[in-house]
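# Structural features, examined
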Amino acid sequence: MWACLKNFFTYETTKSVVVKSWTIGIINRVVQLLIITYFVGWVFLCEKAYQVRDTAIESSVMTKVKGFGIYNNKVMDVADYVTPTQGASVFCIITKLITTENQVQGYCPESEKKYICTDDEGCQRSLNKPGSYGILTGRCVPFNATVKTCEIKGWCPAEIDTIKTTPMMEVENFTIFIKNSIRFPTFNYTKGNFLPSINQSYIKSCNFDMVNNTYCPIFKVGDVVRYAQQKFMDLADKGGVIGIKIGWMCDLDKSDDQCNPSYSFTRLDAMSQKTSVSPGYNFRFAKYYKMANGTDYRTLVKAYAIRFDVLVNGNAGKFNMIPTLINMVAAFTSVGVGTVLCDIILLNFLKGAEQYKAKKFEEVSDSPLESQTKGFYRSQLSLRQSNLKSSDSGAFSIEHYC
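Now for a quick tour of the structure.

### Digging into helix α2 (residues 22–46)
In this model, α2 (25 residues) spans 34 Å end to end at C-alpha, consistent with the 36 Å of a helix rising 1.5 Å per residue. Those residues of α2 not exposed but buried are Ile24, Asn28, Val31, Gln32, Ile35, Phe39, Val43 and Phe44. Buried residues belonging to α2 abut α8 (321–334) and α9 (337–348). Just past α2, the residue lysine 48 takes up positive phi, approximately 50°.

### Some thoughts on the side chain of threonine 63
With respect to the helices, strands and loops of the structure, threonine 63 is situated in strand β2 (residues 58–66). When its relative accessible area of 11% is taken as the criterion, threonine 63 is described as buried. Among the polar contacts made by the side chain of threonine 63, one reaches the main-chain carbonyl oxygen of alanine 88 at a distance of 2.7 Å. Excluding residues that lie within four positions of it along the chain, threonine 63 makes contacts with Gly87, Ala88, Phe91, Phe177, Ile178 and Val310.

### Things to note about the packing of α9 against helix α10 (residues 353–360)
Close contact between α9 and α10 brings their axes to 6 Å; oriented N to C, the two are set at 120°. In terms of orientation, α9 and α10 fall into the oblique class. Two secondary-structure elements touch here, α9 through Asp343, Leu346, Leu347 and Asn348 and α10 through Ala353, Tyr356, Lys357 and Lys360. Taken together, the residues of the contact of α9 with α10 break down into four nonpolar, one polar and three charged.

### Brief notes about the packing of α2 against α8
The axes of two packed helices give the description: the angle between them and the distance between them. For the pair α2 and α8, interaxial distance at closest approach is 9 Å and the crossing angle is 160°. Relative to α8, the element α2 is oriented roughly antiparallel. Considering the relative orientation of α2 and α8, their crossing is right-handed. Facing α2, whose interface residues are Ile35, Phe39, Val43 and Phe44, α8 presents Thr324, Asn327, Met328, Ala330, Ala331 and Ser334. Here the contact of α2 with α8 is composed, by residue class, of seven nonpolar, three polar and no charged.

### Examining the state of the cysteines
Throughout the structure, instances matching the rule amount to five disulfides. A disulfide bridge connects cysteine 117 with cysteine 140, and the sulfur atoms are separated by 2.0 Å. An S-S torsion of about 100° defines the bridge between cysteine 117 and cysteine 140 as right-handed. In this pair, cysteine 117 is assigned in the loop between β6 (90–109) and α4 (120–124) and cysteine 140 in strand β7 (residues 134–142), connecting sequence segments 23 residues apart.

### Overview of the pattern of salt bridges
Counted under the stated rule, the structure contains 12 salt bridges. Across the pair aspartate 237 and lysine 96 runs a salt bridge, and its minimum N-O distance is 3.0 Å. Of this pair, aspartate 237 sits in helix α7 (residues 232–238) while lysine 96 is found in strand β6, placing the two residues 141 residues apart along the sequence. On the basis of relative accessibility, which here comes to 28%, the residue aspartate 237 falls in the partly exposed class. A relative accessible area of 9% means that lysine 96 is categorised as buried. Linking lysine 114 and glutamate 112 is a salt bridge whose minimum nitrogen-to-oxygen distance equals 3.9 Å. Classification of lysine 114 as exposed rests on a relative accessible area of 62%. The exposure class of glutamate 112 is partly exposed, given its relative accessible area of 25%.

### A few points about the pairing of strand β13 (residues 261–267)
Judged by which residues are buried, β13 turns out to be one-sided: Pro261, Tyr263, Phe265 and Arg267 face inward and are buried, whereas Ser262, Ser264 and Thr266, on the alternate face, are not. As judged from the seven bridges shared by strand β12 (residues 240–251) and β13, these two strands associate in the antiparallel manner. When the bridges of β13 are listed, isoleucine 246 appears paired with tyrosine 263.

### Regarding the side chain of glutamine 51
Along the chain, glutamine 51 turns up in strand β1 (residues 51–54). A polar atom in the side chain of glutamine 51 sits 2.7 Å from the side chain of aspartate 251.

### Regarding a nonpolar patch on the surface
A cluster of nonpolar side chains, namely Phe319, Met321, Leu325, Met328 and Phe332, defines an oily patch on the protein surface of about 520 Å² accessible area. The element that contributes the greatest number of residues to the nonpolar patch is α8, accounting for four residues. The topology assignment puts leucine 325 in helix α8.

### As for the nonpolar core
Ranked by internal contacts, the top residues of the largest apolar core, which has 55 residues, are Tyr81, Ile93, Phe184, Val221 and Phe308. The greatest single-element share of this core, amounting to seven residues, is contributed by strand β15 (residues 296–319). Among all residues touching isoleucine 93, those that are not within four sequence positions of it are Val65, Tyr81, Val171, Phe174, Val221, Tyr304, Ala305, Ile306 and Phe308. Core analysis: the next-biggest nonpolar cluster, separate from the first, contains 11 residues, Cys123, Leu136, Cys140 and Ile152 among them.

Criteria and cut-off values
By convention here, each chain's residues receive numbers from 1 onward along its written sequence. A pLDDT threshold of at least 70 governs which residues receive local features in this predicted model, and a stricter bar of 80 or more applies before side-chain atom pairs are shown or counted, although totals over entire chains, interfaces and linings include all residues. Hydrogen atoms and water are omitted, and side-chain values are computed over all heavy atoms in the structure. Each helix is a run of H or I in the DSSP string that is no shorter than four residues. Each strand is a run of E no shorter than two, and both are numbered from the N terminus. What a helix is expected to span follows from its residue count: subtract one and scale by 1.5 Å. Each residue gets one of three labels from its accessible area relative to the maximum for its type: buried under 20%, exposed over 50%, partly exposed in between, using a 1.4 Å probe on protein chains only. Throughout, a contact is declared for two residues whenever any of their heavy atoms are within 4.5 Å. A 3.5 Å cut-off defines polar contacts: any pair of N or O atoms within that distance qualifies, except that in protein one atom must be a possible hydrogen donor and the other a possible acceptor, and neighbouring residues in sequence count only when both atoms are side-chain atoms. Angles run from 0 to 180 degrees between N-to-C directions of axes, and those axes are lines fitted to C-alpha atoms, restricted for helices to the stretch in contact. Roughly parallel covers angles under 35 degrees, roughly antiparallel covers those over 145, roughly perpendicular covers 65 to 115, and oblique covers all other angles. Residues are sorted three ways: Asp, Glu, Lys and Arg are charged, Ala, Val, Leu, Ile, Met, Phe, Trp, Tyr, Cys and Pro are nonpolar, and all the rest, Gly among them, are polar. If you view the pair so one helix is near and one far, a crossing is left-handed when the near helix is turned anticlockwise from the far one by less than a right angle, and right-handed when it is turned clockwise. In this description, a disulfide is simply a cysteine sulfur pair whose atoms lie within 2.5 Å. Between Lys or Arg on one side and Asp or Glu on the other, a salt bridge is scored when a side-chain nitrogen of the former is within 4 Å of a carboxyl oxygen of the latter. For two strands to pair, DSSP has to find at least two bridges joining them. Like charges within 9 Å and nonpolar side chains (Val, Leu, Ile, Met, Phe, Trp, Tyr) within 5 Å are joined into patches, using only residues over 30% in relative accessible area that form no salt bridge. Per-residue and other accessible areas follow the Shrake-Rupley method at a 1.4 Å probe size, with only the shown protein chains counted as cover for residues. Within this scheme, the nonpolar core is defined by two criteria: the residues are buried Ala, Val, Leu, Ile, Met, Phe, Trp, Tyr or Cys, and they are joined through side-chain atoms within 4.5 Å.

This is the structure:
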């Protein structure tokens with residue numbers, strides 16, 4: 001117990017040992033150089049760790065589509081093929097329509113092949129399942145002169161969506177106008193995608209491209225599809241979802257004209273390209289009317305469309321002393337990793353490791369007699385001044401000053 005108590009009340013202090021070895025010296029300087037290069041090159045210059053950053057970007061997006069197309073010998077304008085009509089960041093351009101006109105509430109046969117039947121018993125088994133276009137009644141009724149299908153209660157006649165139609169090809173030349181405003185609340189910094197060089201005459205004549213007009217806010221649908229590495233004909237026929245991404249990466253330590261948007265394009269519903277189940281993008285809507293006798297009827301429309309999602313992201317950075325000091329302290333502290341690595345090599349792998357251990361680790365007692373009897377290493381506290389000659393700034397003993 002006395003030995004444990006004595007070992008507990010001990011103190012360790014750092015001892016400097018100068019090792020004149022080319023091997024360990026080169027390793028030490030190389031490791032230090034790598035650490036300094038990492039912090040200067042990557043942390044400070046590339047990652048700009050001296051800045052405080054704001055990633056909580058606030059954004060508003062307004063869109064407008066222009067163009068005329070011809071579908072089923074009818075001229076289609078913006079009110080016909082764009083939905084919703086509010087000009088939001090998510091909108092659809094309809095490329096193909098399948099219409100079912102003059103539907104009224106009543107009873108009629110289902111139109112899908114899976115409901116073909118020969119008698120009522122075949123339809124009774126499906127009573128607890130939802131029909132495709134209405135509520136199943138359990139009866140088997142004639143669909144035409146040769147085929148019978150299960151009867152439904154709902155809007156009749158039932159939709160037939162297997163009709164083959166040609167997409168509206170003029171969509172490829174339609175234009176999308178995007179107006180984007182952003183704000184970084186931490187710095188109270190606001191900006192829009194209309195740069196100072198953009199004026200009214202430029203807007204009327206420009207179209208975005210990746211080389212010459214990188215900041216033009218007007219995009220041709222065909223160009224957007226091509227930049228997203230898609231085929232327009234496939235998208236127009238089956239529909240799909242395209243993302244228009246606006247990135248704001250701003251260094252607010254630089255001038256204001258250096259904070260500009262960058263545009264990129266991608267297909268967001270990539271799963272639709274890899275499966276035959278529900279490929280593409282389509283939706284239904286109806287236009288309602290009223291007969292002279294007060295009966296409601298409607299025109300059902302199944303629309304295939306290209307949906308555009310305008311996505312805004314970004315972050316801004318500005319110099320701040322706190323992150324600068326924190327990363328500088330981390331850099332200086334990390335330089336000490338070289339010392340740890342060199343100690344491991346020095347004390348375990350180099351020739352003469354035992355000699356280095358004897359120089360590095362020394363046990364000193366406050367009782368000189370005890371040090372002599374137990375064979376402790378002599379410390380510099382008990383050495384003569386003549387033994388302290390060194391080319392390094394070593395510690396001098398107290399005896400030297402007495």
